[in-house]
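# Observations on chain architecture
Listed below, chain by chain, are the residues.
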Amino acid sequence: MGIEYRIKFNVPGNFNPSALFKKLPSPIAHGQMSEIYNYAIESDGFYFVDHLVNKDVAAVALRLFIDEALAHSETIQILEP
């Protein structure tokens, strides 16, 4: 169970997410061995799932994905599928 988000933006053809990956907090709650969040890079943006394990970590990760989208596009859409 969790909250799903689609962050849609104009993804450049040469998009390289390596800098984003370096900034992301660990998606694993090591004490519980639970997944905090998960994501996928898609042709039209990002898919992000907050598993409601640690809201502070998930919020930081979601914000980084939003900031990355805004770095490549003046406008973005955030949808709950």
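As the structure is a computational prediction, the values presented were derived from the model and not from experiment. (Residues numbered from 1 in each chain as written. Predicted model: local features only at pLDDT ≥ 70, side-chain atom pairs only at ≥ 80, totals over all residues. Heavy atoms only, no water.)

Positive phi, close to 55°, is recorded for Met 33, a residue that is not glycine. When you line up the elements, Met 33 lands in the loop between strand 2 (28–29) and strand 3 (34–35). Assessed through its relative accessible area of 63%, Met 33 is described here as exposed. Positive phi outside glycine occurs at Leu 52, with the angle close to 60°. With respect to the helices and strands, Leu 52 occurs in the loop between strand 5 (45–50) and helix 2 (55–72). (Helix = DSSP H or I, 4+ residues; strand = E, 2+ residues; numbered from the N terminus. Buried < 20%, exposed > 50% of the residue type's maximum accessible area, 1.4 Å probe, protein only.)

This brings us to the pairing of strand 5. Most of strand 5 sits out of view: six of its six residues are buried. Note: strand 1 (residues 3–8) against strand 5, six bridges, orientation antiparallel. Within strand 5, the residue paired with Glu 4 across the bridge is Val 49. Judged from the six bridges that link them, strand 4 (residues 37–42) and strand 5 form a sheet pairing that is antiparallel. (Pairing = 2+ DSSP bridges.)

Bringing the environment of Asp 44 into the picture now. Among the structural elements, Asp 44 can be located in the loop between strand 4 and strand 5. Considered as a pair, Asp 44 and Pro 12 are 32 residues apart in the sequence and their alpha carbons are 9.4 Å apart. When near neighbours in sequence (up to four residues on either side) are disregarded, Asp 44 contacts Ile 7, Lys 8, Phe 9 and Val 11. In this structure the side chain of Asp 44 is engaged in a polar contact, spanning 3.4 Å, whose partner is the side chain of Lys 8. (Contact = heavy atoms within 4.5 Å. Polar contact = N/O pair within 3.5 Å; in protein donor to acceptor, adjacent residues only side chain to side chain.)

A few words now on the packing of aromatic side chains. To describe a pair of aromatic rings, one takes the distance between the centres and the angle between the planes. Going through the model one piece at a time under the given rule, you end up with ten aromatic pairs. Pairing Phe 21 with Tyr 39 gives two aromatic rings, centres 6.0 Å apart and planes at 35°, and the pair type is tilted. Of this pair, Phe 21 sits in helix 1 (residues 18–23) while Tyr 39 sits in strand 4, and the two are 18 residues apart along the sequence. Measuring from ring centre to ring centre gives 4.9 Å for Phe 46 and Phe 65, while their planes differ by 70°; the resulting arrangement is edge-to-face. Highlighted residues: Phe 46 in strand 5 and Phe 65 in helix 2, separated in sequence by 19 residues. Here Phe 46 matches Phe 65 in class, with each residue buried. What links up through ring pairs into an aromatic cluster is the set Tyr 5, Phe 9, Phe 15, Phe 21, Tyr 37, Tyr 39, Phe 46, Phe 48 and Phe 65. (Phe/Tyr/Trp six-rings, centres within 6.5 Å; stacked < 30°, edge-to-face > 60°.)

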